[in-house]
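# Structure at a glance
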Amino acid sequence: MPTISPLSGMAEPPVSVMFAVTSSWLIPLAVAIRSLCVHSDPRRNYELHIVHHGLEEEQMKELGKAVSGCPRVSLGFCRLPERLLRILQHRDCGRFSPLTYGRLLAAALFPRHDRVVYLDVDVLLNGDVAELYDADLHGAPIGAVRDCAVLQSISTGRLPDHLEYISGMGVTNPRLYCNTVVIVMDLVQMREQETEDRLLRLLEAHPDSFPYVDQDIINIVFHGRIAPLPLRWNYHFQFELHHAGMADLISGTEFEEAPALFESRSWKLFHLVGDYKPWLPPDMEKIYHRLYLALWWPLARQTPAFRRELRALYRQFTRAFRSRLRHHQWSLPVSPGRNFRKRREKIKTLQRQLAVFDGSWP
């Protein structure tokens, strides 16, 4: 089972973290950064690098407020390299932005750095990212958490389409396929091995998008050379683990700790996986929507950046609940017998649903 051991015999360098973002994802990025700040070590320095493709000055200034009150956390911006944009110029990226491919060029983007942690925007830190940055990769060029959805597909006897697609490109063991929402990158090794050129050549050689875009490319180039990180550093309920036939597959693996992580809520990083995100209008009938709201909104309401936008979203999402709650509360005293009991239950339900936005576990 993978564990994180700190690098030995080294002074503590600044913790370098990379995000890549379009303007439409700035609010969730601000909340992710705030979660990083909340769990940062006051004795360490943190350098956050935001890779973008045309953010406005005001947007960058507003995002900078996310690190307010955290003097050891700095924020910097850099644009997507022209070399990558030229490769993608005539390519259909589908629903993905060109920024999705930004992590392929991390070694060139940050020439002064020996290591960087890449994080997607739809994450919440519940532990100090310095622990991830300091992880001993045991000689591997990158570290990531394995993809449990692949294990679930193996249990059914059929590989996912994207693994069928890349199986002839050197991905010989699908169990080693990793999710790249969280990556620890040894940039020194990546430069020595000229990894950037290999990644980009693979991208150029396949003008049709890979099913899982850069995640597939990274898994092809680094197959068998990815240090497995503990599940707690890319946790997302892993509902696939409950499917029939999974018990034997996960026995002795990092996925055995998933139930304990859920019960104790002791994950270090939560990935808001899926099409629904908690900054979108929720369907309160869906349990995972309510769980996401309970995790994300308490941090969002503490985030110093994009206050006006976050307040507007909060009002939008809760207005209907508050209106219905007031209606039932006003009507309760004059409701007879059975209607009184039904209305009282509705009041309790609405109160529980509203409490989710304050972090009450549904």
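What counts and how
- Residues numbered from 1 in each chain as written.
- Predicted model: local features only at pLDDT ≥ 70, side-chain atom pairs only at ≥ 80, totals over all residues.
- Heavy atoms only, no water.
- Salt bridge = Lys/Arg side-chain N within 4 Å of Asp/Glu carboxyl O.
- Helix = DSSP H or I, 4+ residues; strand = E, 2+ residues; numbered from the N terminus.
- Buried < 20%, exposed > 50% of the residue type's maximum accessible area, 1.4 Å probe, protein only.
- Expected span 1.5 Å × (residues − 1).
- Bend = angle between axes of the 7 residues up to and from the residue.
- Contact = heavy atoms within 4.5 Å.
- Pairing = 2+ DSSP bridges.
- Polar contact = N/O pair within 3.5 Å; in protein donor to acceptor, adjacent residues only side chain to side chain.

## Focus: the pattern of salt bridges
Evaluated as defined, the whole model comprises 15 salt bridges. With a shortest N-O distance of 3.7 Å, R103 and D120 are connected by a salt bridge. Taken together, the positions of R103 in the loop between α3 (82-88) and α4 (106-109) and D120 in the loop between β4 (115-119) and β5 (123-125) put the pair 17 residues apart, joining distant regions of the chain. For R103, a relative accessible area of 5% translates into the label buried. According to the relative accessible area criterion, D120 is buried, its value standing at 18%. Between E309 and R308 there is a salt bridge, with the nearest N and O atoms lying 4.0 Å from each other.

## Overview of helix α14 (residues 307-331)
Helix length check: α14 (25 residues) gives 35 Å between terminal C-alpha atoms against 36 Å at 1.5 Å per residue, within 8%. Along its length, α14 reaches its greatest deviation from straightness, about 45 degrees, at T318. Buried residues of α14: L310, L313, Y314, F317, T318, F321, L325, H328 and S331, and no others. Where the residues of α14 are buried, they touch α1 (26-38), α13 (287-300) and α15 (337-356).

## With respect to the pairing of strand β3 (residues 73-79)
In regular strands, side chains alternate between the two faces of the sheet. For strand β2 (residues 46-52) and β3, the ladder comprises 7 bridges, and the chain directions are parallel. Paired with H52 across the two strands is R79, which belongs to β3.

## Some thoughts on the environment of K65
Inspection of the secondary structure assignment puts K65 in the loop between α2 (57-64) and β3. Overall, the relative accessible area of 37% leaves K65 in the partly exposed class. For K65 and R307, which are 242 residues apart along the polypeptide, the C-alpha to C-alpha distance reads 9.9 Å. Dropping the residues within four chain positions of it, K65 is found in contact with P304 and A305. A distance of 2.9 Å separates polar atoms of two side chains, one belonging to K65 and the other to E62.

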